Amino acid sequence: MKRRILDEICRPNDIHRIDPSDYRQLAKEIRRRLVNTVSETGGHLSASLGVVELTMALHLVLEFPDDKLVWDVGHQSYVHKILTGRDDDMPFLRQFGGISGFPDVRESECDAFCVGHASTSISAALGLAKARDLRGTGEKIFAVIGDGALSGGMAYEAMNNAVEAKTGMVVVLNDNTMSISPNVGGMNNYLGQIRADRRYRDLKVRVEEALDKIPTVGVPLAKQIRKTKDSLKHLLLPGMLFEDMGLTYIGPIDGHDIETMKEAFEAAASMRDETVLVHVITKKGYGYKPAFEKPDLFHGIGAFDRETGKPYEDPSTAPVTYTDIFSEWLLNRANEYDKMVSVCAAMPDGTGVTAFAEEYPDRAFDVGIAEEHAVTFAAGMAAGGLKPVVSIYSTFLQRAYDQILHDVCNAAYHVIFAVDRSGIVGHDGRTHQGIFDLSYLLPMPGMTVISPMDGDELIEAFDFAMEKVDGPVAIRYPRGEAFWFEDAREEFELGKAEVIREGREVVIFAVGDMVKTALEVREALSDEMIRVTVVNMRFVKPFDEELVSELAKKHTVVVTMENGVVTGGFGDMVGAFLQREGISVKAFLAVALPDEFIPHGSPEELLSKYGLDSESVSDAIRDVYYEAR
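Nothing here was measured: the structure is a model prediction, and the numbers come from that model.

A.B. asks: I'd like a description of empty space enclosed by the protein, backed by residues and values.
C.D. replies: For the structure shown, the criterion picks out six cavities of 30 Å³ or more. In this model, the second largest cavity occupies a volume close to 60 Å³. Around the second largest cavity, the lining residues are Arg132, Glu139, Lys140, Ile141, Phe142, Gly168, Met169, Val170, Ala268, Ala269, Met271 and Arg272. Elements represented by at least two residues in the lining of the second largest cavity include exactly strand 2 (141–146), strand 3 (169–175) and helix 12 (258–270). In the lining of the second largest cavity, the residues fall into seven nonpolar, one polar and four charged.

A.B. asks: Lay out the confidence of the model for the chain with the relevant residues and their values.
C.D. replies: Confidence in the prediction for the chain averages 89 pLDDT; 90% of positions are at 70 or higher. Within the model, the stretch residues 198–208 combines pLDDT values under 50 with 22 contacts to residues more than four positions away or in other chains. Low pLDDT (under 50) marks residues 224–239, which in the prediction has 29 contacts with non-local residues, meaning those over four places away or in another chain.

A.B. asks: Mind laying out the packing of helix 14 (residues 322–332) against helix 21 (residues 455–467), listing which residues take part and the relevant values?
C.D. replies: The interhelical angle for the contact between helix 14 and helix 21, taken along N-to-C directions, is 40 degrees, at an axis separation of 10 Å. It follows that helix 14 is oblique to helix 21 by the angle criterion. In this structure, helix 14 crosses over helix 21, and the sense of that crossing is right-handed. Between helix 14 and helix 21, the residues in contact are Tyr322, Ile325, Phe326 and Trp329 and Gly455, Leu458, Ile459, Phe462, Asp463 and Met466, respectively. For the contact of helix 14 with helix 21, a count of residues per class yields eight nonpolar, one polar and one charged.

A.B. asks: Lay out the sheet that holds strand 6 (residues 340–344) with the relevant residues and their values.
C.D. replies: Spatially, 7-6-8-9-11-10-15 is the arrangement adopted by the seven strands of the open sheet, whose pairing is mixed. Where the open sheet ends on each side, the last strands, each with one partner, are strand 7 (364–366) and strand 15 (539–541). Taken pair by pair, the neighbouring strands of this sheet meet at an average axis angle of 20 degrees, ignoring direction. Direction of pairing for strand 8 (residues 387–393) relative to strand 9 (residues 416–420): parallel, over a ladder of five bridges. If you follow Val389 over to strand 9, its bridge partner there is Ile416. Packing against the sheet, helix 17 (residues 371–383) makes contact with strand 6, strand 7, strand 8 and strand 9, and its axis sits at approximately 165 degrees to strand 8.

A.B. asks: Could you give me a rundown of the pattern of salt bridges, with the residues and numbers involved?
C.D. replies: Applying the stated criterion to the full structure yields 32 salt bridges. Its salt-bridge partner being Asp14, residue Arg11 comes within 3.8 Å of it at the nearest N-O pair. The salt bridge partner of Arg132 is Asp133, with a shortest N-O separation of 3.1 Å. Residue classification places Asp133 among the partly exposed positions, given a relative accessible area of 34%. Residues participating in the shared-partner salt-bridge network are Asp454, Glu457, Arg489, Glu498 and Arg538.

A.B. asks: Got a sec to walk through the side chain of Asn563? Specific residues and values, please.
C.D. replies: Here Asn563 is to be found in strand 16 (residues 557–565). Side-chain polar atoms of Asn563 contact the backbone nitrogen of Ile424, separated by 3.1 Å. Beyond its immediate sequence surroundings of up to four residues, Asn563 is in contact with Gly423, Ile424, Arg476, Asp513, Met514, Leu593, Leu607 and Leu612.

A.B. asks: Give me the packing of aromatic side chains: which residues, what numbers.
C.D. replies: Describing an aromatic ring pair means giving the distance of the ring centres and the angle of the ring planes. Under the criterion given, the structure shown has 22 aromatic pairs. For the pair Tyr393 and Phe396, a centre-to-centre distance of 5.9 Å together with 15 degrees between the ring planes defines the contact as stacked. The pair formed by Tyr393 and Phe396 is uniform in burial state, with each residue classed as buried. For the ring pair Phe464 and Phe539, a centre distance of 5.5 Å and an interplane angle of 70 degrees mean the geometry is edge-to-face. A residue pair is termed long-range when its members are at least 10 positions apart, and Phe464 in helix 21 and Phe539 in strand 15 qualify at 75 residues. Grouping residues by exposure puts Phe464 and Phe539 together as buried. If you follow Arg363 out to its NZ or CZ, it ends over the ring of Tyr360, 5.1 Å from the centre. Note that Lys609 overlies the ring of Tyr610, its terminal NZ or CZ placed 5.4 Å from the centroid.

A.B. asks: Lay out helix 26 (residues 614–628) with the relevant residues and their values.
C.D. replies: Working note: α-helix, 3.6 residues per turn, so residues spaced by three or four point in the same direction. Relative to the 21 Å expected for 15 residues at 1.5 Å per residue, helix 26 spans 21 Å between its end C-alpha atoms, a close match to the ideal helical length. What helix 26 keeps buried is the set Val617, Ser618, Ile621, Arg622, Tyr625 and Ala628. Looking straight down helix 26, one finds that the buried residues subtend no more than 140 degrees of arc, so they occupy a single side. When the buried face of helix 26 is taken as reference, the exposed residues oriented beyond 90 degrees from it are Glu615, Asp623 and Glu627. For helix 26, the elements touching its buried residues are strand 13 (506–510), helix 22 (514–526), strand 16 and strand 17 (587–593).

A.B. asks: I'd love a proper account of the sheet that holds strand 3, names of residues and values included.
C.D. replies: A sheet is described by the order of its strands in space; here five strands give the open sequence 1-2-3-5-4, paired in parallel fashion. In this open sheet, the two edge strands, each paired with only one partner strand, are strand 1 (68–71) and strand 4 (248–254). Taking each pair of neighbouring strands and ignoring which way they run, the sheet shows an average axis angle of 20 degrees. Across four bridges, strand 1 lies against strand 2 in parallel orientation. By the bridge assignment for strand 2, Trp71 is matched with Val144.

A.B. asks: Which residues make up a negative patch on the surface, and what values go with them?
C.D. replies: On the surface, a cluster of negative charge is contributed by Asp296, Asp349, Glu358 and Glu359. Checked against the element boundaries, Glu358 lands in helix 16 (residues 354–359). We classify Glu358 as exposed; its relative accessible area is 63%.

A.B. asks: Hey, could you go over helix 24 (residues 570–580) for me, with residue numbers and the actual values?
C.D. replies: Among the residues of helix 24, Phe570, Gly571, Val574, Phe577 and Leu578 are the ones counted as buried. Viewed along the axis of helix 24, the buried residues span an arc of 125 degrees, placing them on a single side of the element. Helix 24 presents Gln579 and Arg580 as exposed residues on the side facing more than 90 degrees away from its buried surface. Buried residues belonging to helix 24 abut strand 13, strand 15, helix 23 (545–554), strand 16 and strand 17. At the C-terminal side of helix 24, Gly582 shows a positive phi close to 70 degrees.

A.B. asks: So, the pairing of strand 6: which residues are in play, and what are the values?
C.D. replies: Taking burial as the measure, the five residues of strand 6 include five buried ones, the bulk of the element. Burial of strand 6 is two-sided: the residues Met340, Ser342 and Cys344 facing one way and the residues Val341 and Val343 facing the other way are all buried. Examined bridge by bridge, strand 6 and strand 8 share five bridges and lie parallel to one another. Residue pairing for strand 8: Val341 is matched across the bridge by Pro388. Relative to strand 7, strand 6 runs parallel, the two sharing three bridges. Looking across to strand 7, one finds that Val343 is bridged to Phe365.

Parameters at a glance
- Residues numbered from 1 in each chain as written.
- Predicted model: local features only at pLDDT ≥ 70, side-chain atom pairs only at ≥ 80, totals over all residues.
- Heavy atoms only, no water.
- 1 Å grid on protein atoms, 1.4 Å probe; cavity = no way out; pocket = protein on both sides within 12 Å on 5 of 7 lines; lining within 4 Å.
- Points joined across faces, edges and corners; volume = space filled by probe spheres on them.
- Helix = DSSP H or I, 4+ residues; strand = E, 2+ residues; numbered from the N terminus.
- Nonpolar A, V, L, I, M, F, W, Y, C, P; charged D, E, K, R; others polar.
- pLDDT = per-residue confidence, 0-100.
- Contact = heavy atoms within 4.5 Å.
- Axes fitted to C-alpha atoms, helices over the stretch in contact; angles between N-to-C directions.
- Parallel < 35°, antiparallel > 145°, perpendicular 65-115°, else oblique.
- Left-handed = near helix turned anticlockwise from the far one by under 90°.
- Pairing = 2+ DSSP bridges.
- Salt bridge = Lys/Arg side-chain N within 4 Å of Asp/Glu carboxyl O.
- Buried < 20%, exposed > 50% of the residue type's maximum accessible area, 1.4 Å probe, protein only.
- Polar contact = N/O pair within 3.5 Å; in protein donor to acceptor, adjacent residues only side chain to side chain.
- Phe/Tyr/Trp six-rings, centres within 6.5 Å; stacked < 30°, edge-to-face > 60°.
- Lys NZ or Arg CZ within 6 Å of the ring centre and 35° of its normal.
- Expected span 1.5 Å × (residues − 1).
- Arc of directions from axis to C-beta.
- Patch = residues over 30% accessible without salt bridge, like charges linked within 9 Å, V, L, I, M, F, W, Y side chains within 5 Å.
- Areas by Shrake-Rupley, 256 points an atom, 1.4 Å probe, with all protein chains shown as cover.
- Lys, Arg positive; Asp, Glu negative; His and termini not counted.
- Charge placed at Lys NZ, Arg CZ, Asp CG, Glu CD.

Next up, the structure:
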């Protein structure tokens, strides 16, 4: 039976015992493991395939858990997990109760930092390096950041600080020419020039090697060349940004050549008083043809046939999602709303703006992984008379909290926020659940917050936001299949809710996708003659105070339901309103997520665990109702 090298990787640092002649075979086995795992669990495949050799080289230089390796975003950390003894856990990747798809300090002491959002690794690594210096210890500190993450301003803030900090740390720039979608902006163009023009690196190496061989004078001259490398650099490759900033630059080097990277990392780690940037070029999806040919498709993918690379779910038969509905609205309304423009932050496909961008390229703006800039950029366009629609996932929009508050709400600019992936998202876990948007949007003065209950209402909400509201509007909607409510409905009116089912004992004020659950709860409780009124709130801010007041006085139990954290959410707001107005109710129940981060798992599993599924809510209402009678 053929020896399996991966079987010898059981604990951190086991790779140090692997013979270099087996590295290539180990890389193949790791790739096979990645494909087999993600084909069953879903996950981020193409990024992980691209960093197999890079991760191996890092592990050959570092000692875990003493040395620290900080990943940017972290969706490419699967290989790191395998090499630190978690290979047996890979079948449970991103599954409820299994290991996370991102680095997590709670999961392993070999994970140096919890991550999930982009452009953070250099800042975190610099903090770890300074902590090391103050402790007087000598561990190595490495940060890995992708070229796409360099479109985020935080990376430059960190690099600027790193130069002044004068502490030894290594930044590995994993340059694979794309993030989730093809990269945009000046940094992408700049890196393209470096990839295309290696004259600086190659000539510098050849000159130094030749001089080293000249007796007596060769070595001193080589040292002088190294000291004056800036002159050579600017002669052959003007604008070497990283070295101009004060970083020591090594590269570009082949990100699939383990020995070369190992040598570069060892050299970089030996420079103890400066920040070194090692530029490696990798190929996303490397080693698995379907992912290599379509890296964007395999960036984040569900279960698929590993032989063909085809997803098990046929896109042509996939259910219509809220993102699909928004995408169609944006495209269909383009001519009607000629001042409408689209802004997204590196995720045109995920947020559904691709079709609009292809049809109206002059009105679509992808600013890269730069949510803060996206929001203020949109505010500037609104100040110039346009009507920007900013499409960002809920979990990423929170990165631009200050820009929404200070640059949009302060002047009441008419910016519409399409807040996709609101509420429980699922398998990406703690860093990606969109559960905080109500808590951070509701306190903002002048912000209108709409949470449609179904697909038709989503369209109405965007039309209403475009035509009837002058200031900022956030329209939040969940990931996944759209719900369709078949009954007749009332027209949109600012701040007005809609009673869609009438009862006498219990009233449920439901927000967004919780309306569907509230209807299910009503049916379940009707068997016990507990008659439930269901209200589709539509507007979370301003909410319908008149209707809430009226119905709260008429019912035994008042319930609020929202797919978000309880602290600072809709339930808190309604409870405070009732108290402020002196409205006494026999029982009040706020159905929401607890004040904590929600781990990974399917949405169904998580909603059940945290009491937001119809069965759990029915049980909770039943208990409160009988106690209040």
